[in-house]
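# Survey of secondary and tertiary structure
Residue-level listing of the chains:
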Amino acid sequence: MKSTRRVKDAPRNQEWLLALLPVFPLVLLVMRLWYASRQDTQTLLLLLQNISPLGLLSAVLLTTVWVLPALILGGRVLGTLYWISTGRSSWLVRTAERLPGWVVALAVVVGLFAWQLRFLPTLAMLSLAVAGLTVRDRFARHEGLRGVVCYGLPVMAAVISYAVLWPAIGAAFAARDVATALLLTLPPGLAVLLTGPVPPAPARVLTHGIAIAMAVFTPFLVGVVVMKAPILPLMALQMTEKETPRVLVGYLVASDDQMSTVLGREGVVSFVQNDRLQSKVLCPDPGEVPRTWVNLHGWYVEQSMISWLAPAPPPAPGDLRCQGRPEDEGEHLTGGLPRY
C-alpha cells in the first residue's frame with residue numbers, strides 16, 4: 001500500500017538555482033589555482049594560460065563521485081524520517097519525494113565502489129535506514145514486512161559487519177586510531193535506531209538541522225578536498241649548474257623544445273633550458289602517503305573498493321631525485337610501497 005500523502009505546495013520558481021550550479025565548480029577551479037600560485041597574480045595568470053581545464057574539472061568530478069551518494073542518501077533518510085514522525089510536509093520532505101528509487105539505488109552502488117573501506121559501514125547504515133523508512137511509509141499495514149526490514153535486517157547486518165570487520169576494528173583500537181575505530185564500530189549498531197519514527201516535537205529540529213548543516217558544510221568540505229587535489233604532475237629535473245648536478249623538484253607547468261616551466265612547492269616559478277637537463281622523473285604525490293596502516297586482509301581502510309580490486313602497480317624503488325638529491329649521489333632505495 002502506497003503512502004497517501006499529497007504535496008499541496010505550489011511549485012516554486014527555481015531556475016535561478018540551476019543557473020548557479022555551474023558557478024560553484026568555476027569558483028573552486030579559480031580558488032585552486034589561486035592556492036597553487038601562493039596568491040601571486042602573475043603566477044595565477046601563467047597557470048591559467050597553460051593548464052588544461054580538463055585537469056581541473058577532474059578534481060571536482062572525482063570529489064563529486066563520493067559526495068553525491070552522501071547527499072542523496074542523507075536527504076532521503078531525513079525527509080522520510082520527518083514525514084513518518086510528524087505527517088507534515090516541508091521542503092525536506094518534498095526533496096526526498098523527488099528522488100526516484102533508481103537514483104537512490106545508483107547512489108548506493110556508486111558509494112560501494114567509490115567510498116573508502118572505513119566509510120562502508122556508514123553506507124550500509126544509510127541504505128538500511130532508507131529501506132526501513134520506505135517500508136514504514138509505503139507498507140504501514142504489513143507488520144511482518146516491517147518487522148523484517150526495520151528490525152531483523154539491521155540486526156543481522158550488524159552481526160555480519162562486526163564478524164567481518166573485527167580484525168580491522170581490533171587493529172584500529174590497537175593503533176589508537178580513534179576515528180577509524182568509531183567509523184567501523186558505531187554505524188552497524190546505530191542502523192536499527194534509524195528505521196523508526198522519532199518524537200514529533202524534536203523531529204523538525206533534528207532532521208532539518210542536520211539537513212541544513214549538510215547543505216552548509218558540504219561546499220566547504222568539497223572545497224578543502226579540491227584545494228589539496230593535484231592538478232599538475234610532480235617532477236624531479238636533474239640539470240647541470242656550473243658543472244655541478246642540481247635537482248629541481250616541482251610541478252611541471254609547460255614544456256616545449258627549448259624550455260620547461262616548473263612551479264616549485266614553495267610557489268616559485270623556474271624556467272629551465274632543456275639543454276641543461278640531464279634527466280627527469282615522475283614523482284609520487286606526497287598526498288598519497290597513508291595516514292593509517294589499519295587494513296582488512298590487505299584492504300587498507302583508506303582505500304576504496306575499486307582501487308583495491310584494480311591491479312596493483314609493480315613495486316618501484318624510491319628515486320633520490322624526488323628527494324632533491326642528484327642521481328649519482330648513491331644507489332636508488334630498494335623495495336617499494338605496499339599495495340595502497
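These notes cover the structure that comes with them. Source: prediction; values computed, not measured.

Along the backbone of the protein chain there are eleven helices and seven strands. For the protein chain, buried positions account for 38% of its 340 residues. Across the protein chain, every contact between residues at least 6 apart in sequence was considered, and the portion connecting residues at least 24 apart equals 65%. Carbon and sulfur atoms make up 67% of the accessible area of the protein chain, which amounts to about 20,000 Å² in all.

In this structure, Ile72, Leu73, Val104, Leu117, Leu120 and Leu165 are the most contacted members of the largest nonpolar core, which totals 30 residues. Breaking this core down by element, the ones donating at least two residues are α4 (53-86), α6 (101-114), α7 (120-138), α8 (143-174) and α9 (178-190). By residue number, the principal contributor to this core is α7, which donates eight residues. What valine 104 contacts, discounting residues up to four positions off in sequence, is Ile72, Leu73, Arg76, Leu99 and Val130. By size, the runner-up hydrophobic cluster in this structure holds nine residues, among which are Leu33, Ile51, Leu232 and Leu263.

A few words now on the sheet that holds strand β1 (residues 234-241). An order of β4-β3-β2-β1-β5 is seen for the five strands of this open sheet, with the pairing classed as antiparallel. Each having just a single partner strand, β4 (269-273) and β5 (277-282) make up the two edges of the open sheet. The average undirected angle you get between the axes of adjacent strands in this sheet is 45°.

On to the environment of valine 301, then. Topologically, valine 301 is positioned in the loop between β7 (299-300) and α11 (305-309). For the pair valine 301 and proline 290, spaced eleven residues apart in sequence, the C-alpha to C-alpha distance is 9.5 Å. If near-sequence neighbours (up to four positions away) are discounted, valine 301 is found in contact with Gln116, Leu117, Arg118, Thr180, Thr292, Val294 and Asn295.

The subject of this paragraph is helix α3 (residues 41-50). Along α3, the positions that sit buried rather than exposed are Thr43, Leu44, Leu46 and Leu47. For α3, the buried positions fall inside an angular range of 160° around the axis, keeping them on one side. The outward face of α3, more than 90 degrees from its buried face, is lined by the exposed residues Gln42 and Gln49. Next to the buried residues of α3 lie α2 (23-36), β2 (244-255), β3 (259-264) and β4. One side-chain oxygen at the N-terminal end of α3 lies 3.4 Å from the backbone nitrogen of glutamine 42; it belongs to aspartate 40.

In total, this model carries two salt bridges according to the counting rule given. Linking arginine 118 and glutamate 302 is a salt bridge whose minimum nitrogen-to-oxygen distance equals 3.7 Å. Here arginine 118, found in the loop between α6 and α7, pairs with glutamate 302, found in the loop between β7 and α11; they are 184 residues apart in sequence, far enough to count as distant. The pair arginine 118 / glutamate 302 is uniform in exposure class, with both members buried. Residue glutamate 143 pairs with arginine 146 through a salt bridge whose shortest N-O separation is 2.3 Å. With glutamate 143 and arginine 146 both in helix α8 and three residues apart, the pair spans about one turn of that helix.

This next bit is on the packing of aromatic side chains. Applying the stated rule across the entire model yields two aromatic pairs. Aromatic pair tryptophan 293 and tyrosine 300: ring centres 5.8 Å apart, planes at 75°, arrangement edge-to-face. Owing to a relative accessible area of 48%, tryptophan 293 belongs among the partly exposed residues under this scheme. Taking 4.9 Å as the distance between ring centres and 15° as the angle between the ring planes, the aromatic pair formed by tryptophan 299 and tryptophan 308 counts as stacked.

With that out of the way, let us pick up the side chain of threonine 80. Turning to its location among the elements, threonine 80 is positioned in helix α4. Those residues in contact with threonine 80 that lie beyond four places of it in its chain are Ala96, Leu133 and Asp137.

Here serine 304 is to be found in the loop between β7 and α11. Setting aside residues no more than four positions away along its own chain, serine 304 makes contact with Phe113, Ala114, Trp115, Gln116 and Trp299.

Moving on to the packing of α2 against helix α10 (residues 200-228). Between α2 and α10, the least distance of the axes is 9 Å, while the angle of their chain directions is 40°. Comparing their axes, α10 and α2 come out oblique. In the crossing of α2 with α10, the sense of the turn from one axis to the other is right-handed. Residues Phe24, Leu28, Met31, Arg32 and Tyr35 of α2 form the contact with α10, whose own contacting residues are Pro219, Val222, Gly223, Val226, Met227 and Lys228. Residue composition of the contact of α2 with α10, grouped by class: eight nonpolar, one polar and two charged.

The next thing to look at is the environment of glutamate 241. Among the secondary structure elements, glutamate 241 is positioned in strand β1. Note: C-alpha distance between glutamate 241 and leucine 277 (36 residues apart in sequence) is 9.7 Å.

So, how was this worked out
Residues numbered from 1 in each chain as written. Predicted model: local features only at pLDDT ≥ 70, side-chain atom pairs only at ≥ 80, totals over all residues. Heavy atoms only, no water. Helix = DSSP H or I, 4+ residues; strand = E, 2+ residues; numbered from the N terminus. Buried < 20%, exposed > 50% of the residue type's maximum accessible area, 1.4 Å probe, protein only. Contact = heavy atoms within 4.5 Å. Areas by Shrake-Rupley, 256 points an atom, 1.4 Å probe, with all protein chains shown as cover. Core = buried A, V, L, I, M, F, W, Y, C linked by side-chain atoms within 4.5 Å. Pairing = 2+ DSSP bridges. Axes fitted to C-alpha atoms, helices over the stretch in contact; angles between N-to-C directions. Arc of directions from axis to C-beta. Polar contact = N/O pair within 3.5 Å; in protein donor to acceptor, adjacent residues only side chain to side chain. Salt bridge = Lys/Arg side-chain N within 4 Å of Asp/Glu carboxyl O. Phe/Tyr/Trp six-rings, centres within 6.5 Å; stacked < 30°, edge-to-face > 60°. Parallel < 35°, antiparallel > 145°, perpendicular 65-115°, else oblique. Left-handed = near helix turned anticlockwise from the far one by under 90°. Nonpolar A, V, L, I, M, F, W, Y, C, P; charged D, E, K, R; others polar.

This is a description of form; function is not addressed.
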